[in-house]
Amino acid sequence: MQDYEESVLFLGSWGPFQKKIFFVLCLTCVPCGYNILSVIFLLASPPHHCDIPAHRNLSQEWIQASIPAEQVAGQPERSSCSRYELDLVWNLSAMGASPNWMLNQSAQGSRPEVLLSNLKQEECKDGWTYSTEYFQSTVVTEFDLVCSEQWKQPLTSLVYFLGGLSGCFVSGLISDQFGRKPVLFGSIAILSIFSSAVAFAPSWPVFTVLFFMLGLGQIACYIVVFVLGSEILVGSSRILFSSLGQPFVYAFSMMLLPGTAYLVRSWRHLSLIMAVPGLACIPLWWLVPESPRWLLSQGRLQEAELLLRSAALENRVEAPPVIFHPPKAEKAGSQKAESVSFLDLLKTANIRHITLKLWLIWFSVSVSYFGLSFSMSTLYGNPFLNYFLLTAVELPAYFASWLAARSLPRRLSYISFSLLGALALLLIQVTMKSYPTLTMFLVLLGKFGVLAGNGVIYTYTGELSPTVIRNTAMSSCAMFSRVGSSVSPYLLEMAEFNELLPWIVLGVLSLLSVVLCTFLPEMFRQPLPDTIEQMPVTQCILWSGG
């Protein structure tokens, strides 16, 4: 199977068949891109304070004074989780006293003033009042996941990403055993079904279970689209698809969600709308073929040839009388038994070294990617615009990774982009307190570096992985990526100790991935391996080319 790409040269690299595959597969990754930031908008936590019941008949002056002031990042803000004892406040109001905000004595003859700092405080016994400046309702505001229940916020994000981790593991094994196409449309169906179901969740526990199921299909969909495109397309069209086409459509679909969330401020309505892209992809089942490369690896020679002859008709070229000779089919069949085991990723010393390094790199990239997204909530400004800009920067990042994939060695490209991202993230600690505009620029530059590196590592991983276990290899890397994304919501908790700590961690992890990448073999302009034995040997030559 090593000369598979030679066997299909008669098709050309950019005929009607390849164009159809390119655009149809790009469309199938819209649902997973549109859903990925759902964790940000569904779980948004608006500013809030203790509710003051109307039946208390307090004056507006006392209602405002009932919420204590706290110092947050050196600035006074109203407390989110406590209020002055309401019975005491009501008694003082009934006596005609007025609250003393300045903590000094009033002029002689005025009403008696109360030193607010001396009053006893209590928790929010009557619930909370949430700001509706940006969100009409979210999961957090509807189920009151704040204050003593605040721990449920990162836990819910964790459950979503654990769903993605589970989906990666299961989908990779199923895809290598039963084919790419069923897993692709199964993942899209999961996204649509559970996006709709989430909208009707009556409680937080039910929402969390449904959110886990939604996570199952999210990244599995993207991975199998990537694998299908990498195996059906060859040469420059494969690089164009994996480095530019799919990431561009994915990023564009991500950009649609902040706009949708801006127009639809209710989380239940937003969840229902999130199901629409998946439903729109159902007719594409009849346009997406199975991977001929996978069919050949399973010994299904006739099906692979039939598919390629159909492609030849679309491209108006003549297929040879025999596309795959019997020895190749026998070799493919001999690999069939080896193509289904996750443990084969650790079978030999060479594949084990490559796999472990890739797992750690994907983990680091994912922590940086999602850590940046979650840390955006600590920056000032309109959240819809902030997340739109954070997503829009992915377009030039993926364009840069495509240019690099066309003409530069994989390691040089990844290391350069990741060093740029790490430097920007580490510089944030210098600018964050005094230069908000410059800080936003550094955040976007950091995201550019991380995303351009991410685009390269997707292509690089696909090229390193053999056909017989490629989807399992990609899915295992995506599993570690989901571990990283599961950890990322807790990065914000580090800000309790030092507000710069999350940014430092992100920068250090980017540097770690750079070090690991230097030990991977170069794959620039090399043929894809079809068996484990054909994988290149791991090495440490920093700037070797192809």
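Rules and cut-offs
- Residues numbered from 1 in each chain as written.
- Predicted model: local features only at pLDDT ≥ 70, side-chain atom pairs only at ≥ 80, totals over all residues.
- Heavy atoms only, no water.
- Core = buried A, V, L, I, M, F, W, Y, C linked by side-chain atoms within 4.5 Å.
- Buried < 20%, exposed > 50% of the residue type's maximum accessible area, 1.4 Å probe, protein only.
- Helix = DSSP H or I, 4+ residues; strand = E, 2+ residues; numbered from the N terminus.
- Contact = heavy atoms within 4.5 Å.
- Salt bridge = Lys/Arg side-chain N within 4 Å of Asp/Glu carboxyl O.
- Patch = residues over 30% accessible without salt bridge, like charges linked within 9 Å, V, L, I, M, F, W, Y side chains within 5 Å.
- Areas by Shrake-Rupley, 256 points an atom, 1.4 Å probe, with all protein chains shown as cover.
- Disulfide = S-S within 2.5 Å.

Some thoughts on the nonpolar core
Step number 1: Counting 153 residues, the largest nonpolar core has Phe41, Leu184, Phe207 and Phe211 as the members making the most contacts within it.
Step number 2: Top contributing element to this core by residue count: helix 10 (residues 204-232), with 15 residues.
Step number 3: Excluding residues within four positions of it along the chain, Phe41 makes contact with Phe135, Thr138, Leu257, Pro258, Ala261, Leu270, Phe384 and Tyr387.

Remarks on unusual backbone geometry
Step number 1: The backbone phi angle of Cys147 is positive, close to 55°, even though this residue is not glycine.
Step number 2: In this structure, Arg316 is a non-glycine residue whose phi angle is positive, near 60°.
Step number 3: For Arg316, the position within the fold is in the loop between helix 15 (301-315) and helix 16 (326-336).

Points about the pattern of salt bridges
Step number 1: In total, this model carries 13 salt bridges according to the counting rule given.
Step number 2: Residues Glu314 and Lys20 are paired through a salt bridge, measuring 3.2 Å at the closest nitrogen-oxygen approach. Separated by 294 residues along the polypeptide, Glu314 in helix 15 and Lys20 in helix 2 (residues 16-28) bring together distant segments of the chain.
Step number 3: For Glu314, a relative accessible area of 30% gives the class partly exposed.
Step number 4: Here Lys20 falls in the partly exposed class, since its relative accessible area comes to 26%.

Section: the side chain of Asn315
Step number 1: Secondary-structure assignment places Asn315 in helix 15.
Step number 2: Judged by relative accessible area, which is 10%, Asn315 ranks as buried.

Considering a nonpolar patch on the surface
Step number 1: Taken together, the side chains of Phe169, Val170, Ile174 and Phe178 make up a nonpolar region of the molecular surface, amounting to roughly 360 Å² of accessible area.
Step number 2: With respect to the secondary-structure elements, Phe178 resides in helix 8 (residues 152-178).
Step number 3: Using a relative accessible area of 56% as the deciding quantity, one classes Phe178 as exposed.

Describing the state of the cysteines
Step number 1: Scanning the model with the defined rule gives two disulfides in all.
Step number 2: At a sulfur-sulfur separation of 1.8 Å, the disulfide partner of Cys50 is Cys124. Handedness of the Cys50-Cys124 disulfide follows from its S-S torsion of about -65°: it is left-handed. Pair noted here: Cys50 is in strand 1 (residues 48-50) and Cys124 is in the loop between strand 7 (121-123) and strand 8 (128-130), with a separation of 74 residues, a long-range link. In this structure, Cys50 and Cys124 share a single accessibility class: buried.
Step number 3: Note that Cys81 is cross-linked by a disulfide to Cys147, the S-S spacing being 2.0 Å. Because the torsion about its S-S bond is -95°, the bridge between Cys81 and Cys147 counts as left-handed. With Cys81 in the loop between strand 3 (75-78) and strand 4 (82-84) and Cys147 in the loop between helix 7 (139-143) and helix 8, the pair connects residues that are 66 residues apart, well separated along the chain.
Step number 4: The connectivity of the disulfides in the chain is 1-3, 2-4, where the numbers refer to bonded cysteines in sequence order.
Step number 5: The thiol sulfur of Cys26 is not disulfide-bonded, and the nearest other cysteine sulfur, from Cys29, lies at 5.8 Å.

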